[in-house]
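# Structural characterization, general
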Amino acid sequence: MKTISIIGSTGSIGTQTLSVVAEHGDIEVCAISGGHNIDLLEEQIRKFSPRLASCADEEDAALLRGRLSDVEVDILSGMEGLIAVATADEADMVVTAVVGMLGIRPTVAAIQVGKDIALANKETLVCAGSIIMPMAEEYGVSILPVDSEHSAIFQSLQGNSMNRINRILLTASGGPFRGRSFDELSDVTIEDALAHPNWTMGKKITIDSATMMNKGLEVIEACHLFGVKSGNIEVVVHPQSIIHSAVEYADGSVIAQMGLADMRLPIQYALYYPRRRPLSGERLDLFDIGTLTFERPNLETFYGLALAFDAYEAGGNVCTVMNAANEFAVNEFLNGRIGFTDICRMVSDAMQDVDFIEEPSIEDIFETERLTLDFCRGWSK
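All of the points below concern the structure found in this document. (Residues numbered from 1 in each chain as written. Predicted model: local features only at pLDDT ≥ 70, side-chain atom pairs only at ≥ 80, totals over all residues. Heavy atoms only, no water.)

### What to know about the packing of aromatic side chains
Enumeration over the complete set of coordinates arrives at six aromatic pairs. Ring centres of F154 and Y269 lie 6.2 Å apart, and the angle between their planes is 70°; this geometry places the pair in the edge-to-face category. Here F154 is found in helix α7 (residues 148-157), whereas its partner Y269 is found in helix α11 (residues 264-272), with 115 residues between them in sequence. For the ring pair F154 and Y273, a centre distance of 5.0 Å and an interplane angle of 50° mean the geometry is tilted. Remark: Y273 occurs in the loop between α11 and α12 (286-289) and F154 occurs in helix α7; sequence separation between them is 119 residues. Of the residues examined, F154 reaches a relative accessible area of 16% and is grouped as buried. Counting every residue linked through ring pairs, the aromatic cluster contains F154, Y269 and Y273. The ring of Y272 has R277 lying over it, and the distance from NZ or CZ to the ring centre is 4.9 Å. (Phe/Tyr/Trp six-rings, centres within 6.5 Å; stacked < 30°, edge-to-face > 60°. Helix = DSSP H or I, 4+ residues; strand = E, 2+ residues; numbered from the N terminus. Buried < 20%, exposed > 50% of the residue type's maximum accessible area, 1.4 Å probe, protein only. Lys NZ or Arg CZ within 6 Å of the ring centre and 35° of its normal.)

### Section: the pairing of strand β1 (residues 2-7)
Among the six residues in β1, five count as buried, and that is most of the element. Inspection of the sheet shows β1 paired to strand β2 (residues 27-33) by six bridges, in the parallel sense. When the bridges of β2 are listed, I4 appears paired with V29. As judged from the four bridges shared by β1 and strand β5 (residues 93-96), these two strands associate in the parallel manner. When the bridges of β5 are listed, I7 appears paired with T96. (Pairing = 2+ DSSP bridges.)

Structural measurements only, silent on function.
Printed below as a string of structure tokens:
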């Protein structure tokens, strides 16, 4: 029986991971961490019986300890708790489903004690991919992608290790504002931006999808995961979200992975790799789908995608600046303090302002985040 720990168990990916675990019953959950949602965290602890849990802060932890006085579970909080969950002795694999740069330190700690990583935290590779990937190789650790697009690429690469990749075709739904001009986005509301046409996701990633910054983060992540340059990745807008991504090989052959929009599929593939297990749910019917369409992305309207290509090509700590500024800007938008089109404006300005570091360490990455957030706070006033 495989044993896993989950960082971010109360979020969208975390809850769907536990749904897969519950369906099959042959994976044990030894440790979980959530944020401030202690009601859901309590429910998960009672159902899955982890020996260790962590929440956002000590106040939440104290409340949870009181509620779970009848349960044998250690409850920690903060970064100490995240690292404890990531390095739990029993875990064979760590599912990193927390949002943001918060996932970097626990992922590093997990790798250093030899845990395989099911990676749903884009920011880990966006900001620290040049450190994380060599570290995983050094410690003999597998990093298995959970994002639907990266899982699709990973699946399309199976059995082809000896063949050269010509291009990666990274698909994008286009989000809720596909087809609009930049000017038409000036009055977008929070509700509009959260109404994704295909996927059910957390708020932050849904806003990133609406700006197409999410696709930019995925480009950078794919470069690190699959050892390709950004010039070998083509973003293809595919509104139906049936082809989740594809790989073109040297002979021109294209292998793609297809399926309905269900995040449990890539989650399960990572948990059971290389085996495929049955999974409940609707099956893809191409007769019902009828037509698949493809478009080029509009980089003038959704220039967050263009910023990501620029950040990767610039190298150094620029991807960290871009990511930290985007996290801050999305939060400002969700709290009604800036407009939708201000998100990418803030990111672009931060990329120009924060000092460049050519070969950042992990500590440099977090210092870059601090400087970027200082800039963003001043920008939004």
